Amino acid sequence: MKKLIMKHGILRSAAAISIIASAAMGNPAEAKPSAETKNTISINPVITASKAPKGVKVAELGAESKAWKSAKGVDITVYPQTTIELNDKKANELGSKDGAKIINVAAMYDSNSIAFKIKWADGTENIQSGTRSDEYPDGFAVQMATNFSDPKKLPYIGMGSEGRPVLVHLQKAVKVHYEPNGGGNVELQVNMHQANAFDKNLTNFVKNVSEAGLYDYQKVFISEGFRGMTEIRGGGENTGMAMVYGKNGWTGMMTRSLKSEHADFAAAGTLPVAFALWDGEKLGRDGRKDISGWIAVKLEGKKGDDALAKELTAKPAGNIEAGKANVEAMCASCHTLDAQKVAPAYMAPNLSNIGGYSSAAYLAESIKDPSAVVVPGYNRNAHKNFEWYTVDAKGVRTSTMPPMMTDDAMISDAVAYLMTLKSEVKK
Ligand code: HEC
């Protein structure tokens, strides 16, 4: 059994102890070059969650458990979420120049739990000390839709949407043990010769120690958009997470119950799951992250129709060239498309990576019925002249985007073109 404090001092909460206990963490994936090219459509593959071998309890799996040998890792591409800009020019630039990334995901389940093991390359290990706000940590998230009976109407990929909730499992690399002087944080040194400073520092010290003892940035949210996130406390989802830095990258693990207060995944044959990464080195935080689209995770050996997997791997049939011409003519006054920056910032979601994290069904729905899913732009003050939606007395949101295309063939061409809008994977 390993100690609870990991190599780099990331202490897990009780829920995750079982994961760490058996985890002799190893080497994360080296990113493999991808065949991805611009102006083409690329679709993520289906992930098969393998059935845990006899005697293996998925809730107790470690990242290096031998049982993982039976689960095949699959490469998934994550794209910079360029929907909205942060009020931090440098972070925006670093994020969008960084390109898409490859992560490797394996999954396993038993009758009670499901686990995901995610590996990704990252040349710099960014851990945030609990006391600092000028550093940004690396991190990852696993998002699951709670209702996916209609695969054409999945929640908005960026943390769900009104009436279409998601569960977000979030782990950030935050250092939780406190060393008053060891970290070089001079402002926290206690100087015995300065009585005033001493008092102040002593107060700080006590505060920091108590915070350090409590703080573990591992959270679960039920979310209907980043304006409607509620943290689930008290372990009701029965989930655990851990992340460990190895050779040039991270290994992250998440386990959770198949059945909980907020979700019932036990009856389904295939689940929609999405993954996100934050890179602290690139000043990533909040919406400045890399995300996948909804990925179909098939539970090995379970029956059930494959509508969801079919939907999430379908290549749109429309004509890319025709779609490009129409979208550039009709939509570029509001939306940034790729390099073409005609639209004012904040006017509407930036679509330059929309093809990387959207399904064809979502795009078609967004065009035909803009209010079906309203993207909840989270920095409303930054664009109060360009409101993305109005809210009526009952709280119902209506998109300010006019339904401009009604012809199905035209929409299908537009969708094919939008699916080509995405960053390339840097070689
Ligand atoms: C008057 C400005 C305006 C025009 C013109 C416009 N849109 Fe939009 N669009 C918006 C706004 C605002 C939103 C965010 C609210 C919402 O979700 O509907 C949006 C959302 C979207 C989304 C969802 C984006 C995301 O990040 O998930 C897509 C896709 C989209 N529009 C496509 C189009 C296409 C294609 C056209 C041209 C046929 C178009 N839009 C024309 C304003 C506009």
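What counts, and at which threshold
Residues numbered from 1 in each chain as written. Predicted model: local features only at pLDDT ≥ 70, side-chain atom pairs only at ≥ 80, totals over all residues. Helix = DSSP H or I, 4+ residues; strand = E, 2+ residues; numbered from the N terminus. Buried ≥ 20, exposed ≤ 12 C-beta atoms within 10 Å, placed from the backbone. Contact = placed C-beta atoms within 7 Å. Near = placed C-beta within 6 Å. Nonpolar A, V, L, I, M, F, W, Y, C, P; charged D, E, K, R; others polar. pLDDT = per-residue confidence, 0-100. Arc of directions from axis to C-beta.

### Notes on the overall build of the chain
Thinking step 1. Each helix and strand counted, the chain has eight helices and 17 strands in total.
Thinking step 2. Across the 427 residues that make up the chain, the buried fraction comes to 46%.
Thinking step 3. Pairs at least 24 residues apart make up 74% of the contacts formed inside the chain by residues separated by at least 6 positions.

### A word on the site of the ligand
Thinking step 1. Neighbouring the ligand are 25 residues, the closest being Cys331, Cys334, Ala348, Ser399 and Met401.
Thinking step 2. If one sorts the elements of the shell around the ligand by residue count, helix α7 (residues 360–368) sits on top with three residues.
Thinking step 3. Grouping the amino acids of the shell around the ligand by side-chain chemistry returns 19 nonpolar, six polar and no charged.

### What about the confidence of the model for the chain?
Thinking step 1. On average, the chain scores 79 in pLDDT, and the residues at 70 or more come to 76%.
Thinking step 2. Taken element by element, the chain is modelled with least confidence in helix α1 (residues 17–21), mean pLDDT 28, and with most confidence in helix α8 (residues 408–418), mean pLDDT 97.
Thinking step 3. This model gives residues 1–37 a pLDDT under 50, and the stretch forms 95 contacts once residues within four places in sequence are excluded.
Thinking step 4. When the criterion is pLDDT under 50, residues 177–195 qualifies, and its contacts beyond four places in sequence or with other chains add up to 25 contacts.

### Quick word on helix α5 (residues 320–330)
Thinking step 1. When α5 is considered as a whole, its buried residues turn out to be Gly323, Lys324 and Val327. Taken around the axis of α5, the buried residues stretch over an arc of 105°, which confines them to a single face. The exposed residues of α5 that point more than 90 degrees off its buried face are Glu321 and Ala329.
Thinking step 2. Considering only its buried residues, α5 is in contact with α8.

### Regarding the environment of Ala276
Thinking step 1. Topologically, Ala276 is positioned in strand β13 (residues 270–278).
Thinking step 2. Judged by the 24 C-beta atoms lying within 10 Å of it, Ala276 falls in the buried class.
Thinking step 3. For the pair Ala276 and Val142, spaced 134 residues apart in sequence, the C-alpha to C-alpha distance is 6.6 Å.
Thinking step 4. Those residues in contact with Ala276 that sit more than four places away from it in its chain are Phe140, Ala141, Gln143, Lys289, Asp290 and Ile291.

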